[in-house]
Amino acid sequence: MHIIFTSDTHGHVYPINYATNCPENAGLFCIAAQISKDGNTLVLDGGDSLQGTPLLSYYLEHKDEYDFNPAAEGFNAMGLDYYTLGNHDFNFGYDAILDFVTAMNATLISANVEDKRDALGIKKHVIHTLEDGTKVGITGAVTGYVNVWEQKDHLTELVVSDPIEAVKKELEIMKDKCDITVCIYHGGFEEDLSSGELLSDTTENQACKIMRELGFDIVLTGHQHMAVEGISIEGSYGVQPPAKAMKYCEVFADKKDGAWDITSSLVPVKEPDAKYAEIAKAHDFMDDLNSKIQKWLDEPIGCLEKAIDPEPKLEVAIKGSKVAAIFNQVQLEYTGADFSCTSLSNDPLGLKKDITVRDVLGIYQFSNTVEVKEVTKAVIKQALERCAEYFEIDEDGKLKISNIFLQPKIEHYNYDFYAGLEYVLDITKPLGERVTLLRKLDGTELEDNKTYTLVTSNYRATGTGGYACIGNSKTVKSFPDEMPDLLIDYLRRNSPVKEIVNSKLTVKA
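Residues numbered from 1 in each chain as written. Predicted model: local features only at pLDDT ≥ 70, side-chain atom pairs only at ≥ 80, totals over all residues. Heavy atoms only, no water.

**Student:** Hey, could you go over the overall build of the protein for me, with residue numbers and the actual values?
**Tutor:** Within the protein, the secondary structure is distributed over 16 helices and 28 strands. At 23 Å, the protein has a C-alpha radius of gyration in line with the 23 Å of a compact globule built from 509 residues. C-alpha extents for the protein along the principal axes are approximately 75 × 50 × 50 Å. Counting the 509 residues in the protein, one finds 56% classified as buried. Looking at the protein alone, contacts between residues at least 24 apart form 73% of all its contacts between residues at least 6 apart. (Helix = DSSP H or I, 4+ residues; strand = E, 2+ residues; numbered from the N terminus. Rg over C-alpha atoms; globule rule 2.2 N^0.38 Å. Buried < 20%, exposed > 50% of the residue type's maximum accessible area, 1.4 Å probe, protein only. Contact = heavy atoms within 4.5 Å.)

**Student:** Give a detailed account of the nonpolar core, specifying residues and quantitative values.
**Tutor:** Grouped together as the largest cluster of nonpolar side chains are 120 residues, with contacts concentrated most on Tyr14, Phe90, Phe391, Tyr415, Tyr418 and Leu425. Per-element accounting of this core gives the leading share, seven residues, to helix 11 (residues 322–335). Not counting residues up to four positions away in its chain, the partners in contact with Leu425 are Leu384, Ala388, Phe391, Tyr415, Arg434, Val435, Leu505, Thr506, Val507 and Lys508. With 23 residues, the next largest nonpolar core counts Ile138, Ile180, Ala253 and Leu266 among its residues. (Core = buried A, V, L, I, M, F, W, Y, C linked by side-chain atoms within 4.5 Å.)

**Student:** How would you summarise the side chain of His12 if you had to cite specific residues and measurements?
**Tutor:** For His12, the location among the structural elements is in the loop between strand 1 (2–6) and strand 2 (16–17). When neighbours within four sequence positions are excluded, His12 is seen to be in contact with Glu24, Gly27, Leu28, Gly52, Thr53, Lys244 and Ala245.

**Student:** Account for helix 6 (residues 163–174), naming residues and giving values.
**Tutor:** With twelve residues, helix 6 should reach 16 Å at 1.5 Å per residue; the first-to-last C-alpha distance of 17 Å fits that figure. Listing the buried residues of helix 6 in full gives Pro163, Ile164, Ala166, Val167, Glu170, Leu171 and Met174. Relative to the axis of helix 6, the buried residues are bounded by an arc of 165° and lie together on one face. Residues of helix 6 that are buried make contact with strand 8 (125–129), strand 9 (135–142), strand 11 (180–186) and helix 7 (207–213). (Expected span 1.5 Å × (residues − 1). Arc of directions from axis to C-beta.)

**Student:** So what about the sheet that holds strand 4 (residues 41–45)? Which residues, and what values?
**Tutor:** Taken in spatial order, the six strands make up an open sheet running 6-5-4-1-15-16, and their pairing is mixed. Two strands close off the open sheet at either side, each with one partner strand: strand 6 (107–108) and strand 16 (259–268). Judged from the two bridges that link them, strand 4 and strand 5 (residues 82–83) form a sheet pairing that is parallel. In the sheet register, Leu44 faces strand 5, and the bridge partner there is Tyr82. (Pairing = 2+ DSSP bridges.)

**Student:** A description of helix 4 (residues 94–103) should follow, citing residues and the corresponding values.
**Tutor:** Listing the buried residues of helix 4 in full gives Tyr94, Ala96, Ile97, Phe100 and Val101. Down the axis, helix 4 shows its buried residues gathered within 165° of arc, on one side only.

**Student:** An account of the environment of Ile164 is needed here, citing residue identities and associated values.
**Tutor:** Mapped onto the secondary structure, Ile164 falls in helix 6. The class for Ile164 is buried, based on a relative accessible area of 6%. Taking the C-alpha atoms as reference points, Ile164 and Cys208, 44 residues apart in sequence, are found 11 Å from one another. Every residue in contact with Ile164, bar those within four places of it in the chain, is listed here: Gln206, Lys209, Ile210 and Leu214.

**Student:** Lay out the packing of aromatic side chains with the relevant residues and their values.
**Tutor:** Scanning the entire structure with this criterion turns up 18 aromatic pairs. Summarising the aromatic geometry, the rings of Tyr390 and Tyr415 are spaced 4.7 Å apart at their centres and angled 40° between planes, so their arrangement reads as tilted. In this pair, Tyr390 is assigned in the loop between helix 13 (377–388) and strand 21 (391–393) and Tyr415 in the loop between strand 22 (399–401) and strand 23 (416–419), connecting sequence segments 25 residues apart. We classify Tyr390 as buried; its relative accessible area is 1%. Judged by relative accessible area, which is 2%, Tyr415 ranks as buried. One aromatic cluster is present, built from ring pairs that chain together Tyr390, Phe391, Phe405, Tyr415 and Phe417. (Phe/Tyr/Trp six-rings, centres within 6.5 Å; stacked < 30°, edge-to-face > 60°.)

**Student:** Can you tell me about the environment of Phe68, naming the residues and giving the values?
**Tutor:** Positionally, Phe68 belongs in the loop between helix 2 (54–61) and helix 3 (70–78). Each C-alpha atom, one on Phe68 and one on His154, is 23 Å from the other, the two residues being 86 residues apart in sequence. Beyond its immediate sequence surroundings of up to four residues, Phe68 is in contact with Tyr59, Glu73, Phe285, Met286 and Leu289.

**Student:** I'd like to hear about the sheet that holds strand 13 (residues 228–233), residue by residue, with values.
**Tutor:** Spatially, 8-9-11-12-14-13 is the arrangement adopted by the six strands of the open sheet, whose pairing is mixed. Two strands close off the open sheet at either side, each with one partner strand: strand 8 and strand 13. Mean inter-strand twist for the sheet, computed between neighbouring axes without regard to direction, equals 20°. The sheet contact formed by strand 8 and strand 9 spans five bridges and is antiparallel. Each bridged residue has a counterpart across the sheet, and for His128 the counterpart in strand 9 is Val136. Contacts from helix 6 reach strand 8, strand 9 and strand 11 within the one sheet, and its direction differs from that of strand 9 by about 165°. (Axes fitted to C-alpha atoms, helices over the stretch in contact; angles between N-to-C directions.)

**Student:** Talk me through the pattern of salt bridges; I want residue IDs and the actual numbers.
**Tutor:** Scanning the entire structure with this criterion turns up 21 salt bridges. Residue Glu445 is joined to Arg439 by a salt bridge in which the shortest nitrogen-to-oxygen separation is 3.9 Å. Given a relative accessible area of 43%, Glu445 falls into the partly exposed group. Accessibility expressed as a relative area gives 24% for Arg439, which makes it partly exposed. Here the salt bridges do not stand alone but share partners, grouping Glu422, Arg439, Glu445 and Lys504 into one network. (Salt bridge = Lys/Arg side-chain N within 4 Å of Asp/Glu carboxyl O.)

**Student:** If you had to explain the state of the cysteines to someone new, which residues and values would you point to?
**Tutor:** Put plainly, two cysteines are in a disulfide when a covalent bond ties their sulfur atoms together. Going through the model one piece at a time under the given rule, you end up with zero disulfides. Summary of cysteine pairing: Cys178 is not part of a disulfide, and the nearest cysteine sulfur, belonging to Cys183, is at 13 Å. (Disulfide = S-S within 2.5 Å.)

**Student:** Go over the packing of helix 2 against helix 9 (residues 287–297) with me, naming the residues and quoting the values.
**Tutor:** Contact geometry of helix 2 with helix 9 gives a least axis separation of 10 Å together with a crossing angle of 105°. For the element pair helix 2 / helix 9, the angle class is roughly perpendicular. Packed against helix 2, whose contacting residues are Pro54, Leu55 and Tyr58, the element helix 9 presents Leu289, Asn290, Lys292, Ile293, Trp296 and Leu297 at the interface. A breakdown of the residues in the contact of helix 2 with helix 9 according to their chemical character gives seven nonpolar, one polar and one charged. (Parallel < 35°, antiparallel > 145°, perpendicular 65-115°, else oblique. Nonpolar A, V, L, I, M, F, W, Y, C, P; charged D, E, K, R; others polar.)

**Student:** Give me a negative patch on the surface: which residues, what numbers.
**Tutor:** Taken together, the side chains of Asp38, Glu131, Asp132 and Asp179 make up a negatively charged region of the molecular surface. When you line up the elements, Asp38 lands in the loop between helix 1 (28–34) and strand 4. (Patch = residues over 30% accessible without salt bridge, like charges linked within 9 Å, V, L, I, M, F, W, Y side chains within 5 Å. Areas by Shrake-Rupley, 256 points an atom, 1.4 Å probe, with all protein chains shown as cover. Lys, Arg positive; Asp, Glu negative; His and termini not counted. Charge placed at Lys NZ, Arg CZ, Asp CG, Glu CD.)

**Student:** Explain unusual backbone geometry to me, using residue names and the numbers behind them.
**Tutor:** The phi angle of most residues is negative, glycine excepted, and most peptide bonds adopt the trans form. Backbone torsion omega between Gln407 and Pro408 reads -5°, so that peptide bond is classified as cis. Looking at the element boundaries, Pro408 is found in the loop between strand 22 and strand 23. Pro496 follows Ser495 through a cis peptide bond whose omega is -5°. Relative to the elements of secondary structure, Pro496 occurs in the loop between helix 16 (483–494) and strand 28 (504–508). With a phi angle near 55°, Ala245 is a residue other than glycine that sits in the positive phi range. For Ala245, a relative accessible area of 2% gives the class buried.

Quick look at the structure:
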């Protein structure tokens, strides 16, 4: 048996980086050109397909103008057989999922997603018979944290239940009817795969639990964007490809002496070749969409007084970020909150002096909305103590980034920058005692018995990333507009934008 598995492709259909407008070795069409499929091959995907590139952002805003779905075209070109949904696929509501599913040739499998409208054709499991007669039992699930992150109005017609119980139930049904069992799980590994140390006590990622306790032969994971070529836990074999359709997993299972011998590899996507050119030509009906996207991306929207060079992560975590200052200013102005916090992506980000839509979507790649939370001084301090965990002191007495934010998944985006505050993080002190100064920019001390308003992304507002103190705080107001749109509007109204100073951060070592 041969499995080709992708996950977390995040809208990467073509081999192009839209932010830089440069080619890159990635995308579903390149994978389609590279893979070879026969009657004993299954092509599977683990979700997060509808968010992540301007191609999908633009398409979802104009989908009624087209009779195709670009993500579905990519998967159909690959010959995808079965897939499950990822958490980001819920970000745009039921109708966006329906549009995607309707355009897909593959079968949607999800044991823990109930469709009240009953229009998505979800299968809880399938048993697929290969050409050689091997019966493959396949089920799938998405992380239950969809219920934590997602806007409630996006889940009115969808019910996401506990993934462990759901796939366990399907395994019991199909295990005696098939030769080998596969679980496609849009969730990651909750343990350090080298040491076995528990990385989080939340239920966001539960792949190790699934592998250790349920007994699937193969568990195909995603969500973490972590490259896992192959790992065996209690006789269950797991893999995970990195994000953005830059690599895919190949899994081979052969029966030897009555047992399955399973091996796997991560395959880098090659540069476009003649086969890719054939696929692109067969999809030239998408050219008009691509032309409109490029025109939209290059639309000027404003300017800065001075360009911002790409900001190295450690440097800006210590000194503050000019890009984050803009994000926070947008959030403060839009909501009128007392304070704001925002994070940055995993990549070093900057902004040219003259700004286009492409630049904005390059520095803010998610469709986050904003929420205002009612917080106390204690909550803000606790959140900043979590931020202070970002730092360690090396043998030479210099600051470095803690492995907590680097392994097993790179999580620079879980370090937040605060606006409206002056605060000091003293890394020489023990964890939990590093916030040594906390006051407003005018020097006013925060009061213990007073409440304040804090605006943040809907993602952080759930408490994700170690910020339960924020998640547990009362929500004052939620806003429907997405941050990229708010950024574009702000830049249009305020250009040329001067350097914004809306915080005072000191990090001591």
